[in-house]
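Reading the structure
Residues per chain, in single letters:
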Amino acid sequence: MTFPRFRQFADVETFRFPLPSRGRLAFVDTHLRGSVAAANFASTDLAAMEAFAPESIVLPLSTALSYAMQRLAGASFLPSLRCAIVVLSSLSTPGGPMTDDNRDLLWRAFGLPVFEQFLGEDGRVVASECEVHDGLHMNEAGTPIAGEPAGYSAEIVTGHCYCGLETPRLRNIVRVRERAAAAAA
């Protein structure tokens, strides 16, 4: 099955969940794969997902927002979710990186912690949010945002994170025009 939002790779990346426990994990519209107790689904295959009864879900931001809007409109699908939602974002996906409004919408719809994982141009996870939610920890491969591409800017924070990691973190990834509009207001 080919998913249009992310490229497919021969060397599939194994996903790292941000919490110690995840239960059954559903991957939706992504090339990422998990280990035990994980399965991949198309976003339109809700019946199969519900039969799998995931406790956590990993999906692109646009799909997560679509599911949230449906839940807020009264749909009661995926009642088994009880651990966390991991949102995949990038500079090239619709909507770009997750915003505070996106996070609030997901919280209102699901009542679960939301973690962002940032994909590089090659579709691999290059930065991940920890349970402290104070930026996205960059992996060893380096900075996923070189300079300020495609009209985006980000703050790179170094030093200790309360989760225990010392890796640099990306914070405040925003479109430059949004930052300029906020400064002018």
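All residue numbers here refer to positions counted from 1 along the written sequence of the relevant chain. Thresholds applied to this predicted model are a pLDDT of at least 70 for local features of residues and 80 or more for the giving and counting of side-chain atom pairs; totals over whole chains, interfaces and linings are not thresholded and use all residues. Side-chain calculation: all heavy atoms of the structure are included, whereas hydrogens and water are not.

**A few points about the packing of aromatic side chains**
The geometry of an aromatic ring pair comes down to the distance between the two centres and the angle between the two planes. Centres within 6.5 Å make a pair out of two Phe, Tyr or Trp rings, where for Trp the six-membered ring is used; the pair is then stacked when the planes are under 30 degrees apart, edge-to-face when over 60, and tilted otherwise. Within this structure, the stated rule accounts for two aromatic pairs. Both rings, one in Phe41 and one in Phe52, keep their centres 5.6 Å apart while their planes meet at 50 degrees; by these two values the pair is tilted. One end of the pair, Phe41, is in strand β2 (residues 38-41); the other, Phe52, is in helix α1 (residues 46-52), and 11 residues separate them in sequence. Measuring from centroid to centroid gives 5.3 Å for Tyr67 and Phe77, while their planes differ by 75 degrees, and the two rings are edge-to-face. Of this pair, Tyr67 sits in helix α2 (residues 61-72) while Phe77 sits in the loop between α2 and β4 (84-89); the two residues are 10 residues apart in sequence, bridging distant segments of the chain. Like Phe77, Tyr67 is buried. Segments assigned H or I by DSSP are reported as helices when at least four residues long, segments assigned E as strands when at least two residues long, and all are numbered from the N terminus. Only protein chains enter the accessibility calculation, which uses a 1.4 Å probe. A residue is then buried if its area is under 20% of the maximum for its type, exposed if over 50%, and partly exposed in between.

**Side note on the confidence of the model for the protein**
Note: predicted coordinates in regions of low pLDDT should not be interpreted at a detailed level. Think of pLDDT as the predictor's per-residue confidence, scored from 0 to 100. Averaged over all residues, the pLDDT of the protein equals 80, while 77% of them reach at least 70. We call two residues in contact whenever any of their non-hydrogen atoms come within 4.5 Å of each other. Long-range and interchain partners of residues 1-12, a stretch whose pLDDT sits below 50, account for 30 contacts in this model, where long-range means more than four residues apart.

**Section: unusual backbone geometry**
Note: most residues except glycine have negative phi, and most peptide bonds are trans. You will see that Asp29, though not glycine, has its phi angle at about 50 degrees, which is positive. Mapping Asp29 onto the fold places it in the loop between β1 (25-28) and β2. Take Asp29: its relative accessible area is 4%, and that puts it in the buried class.

**Concerning helix α3 (residues 100-110)**
Looking at α3, one finds that the buried residues are Asn102, Leu105, Leu106, Ala109 and Phe110. Buried residues of α3, seen end-on, are gathered within an arc of 105 degrees and therefore sit on one face of the element. Turned more than 90 degrees from where α3 packs its buried face, Asp100, Asp101 and Arg108 sit exposed. In this structure, the buried side of α3 is in contact with α2, β4 and β5 (114-119). Downstream of α3 by one or two residues, Gly111 has phi in the positive range, about 65 degrees. The arc in question is the one spanned by the directions pointing from the helix axis to the C-beta atoms.

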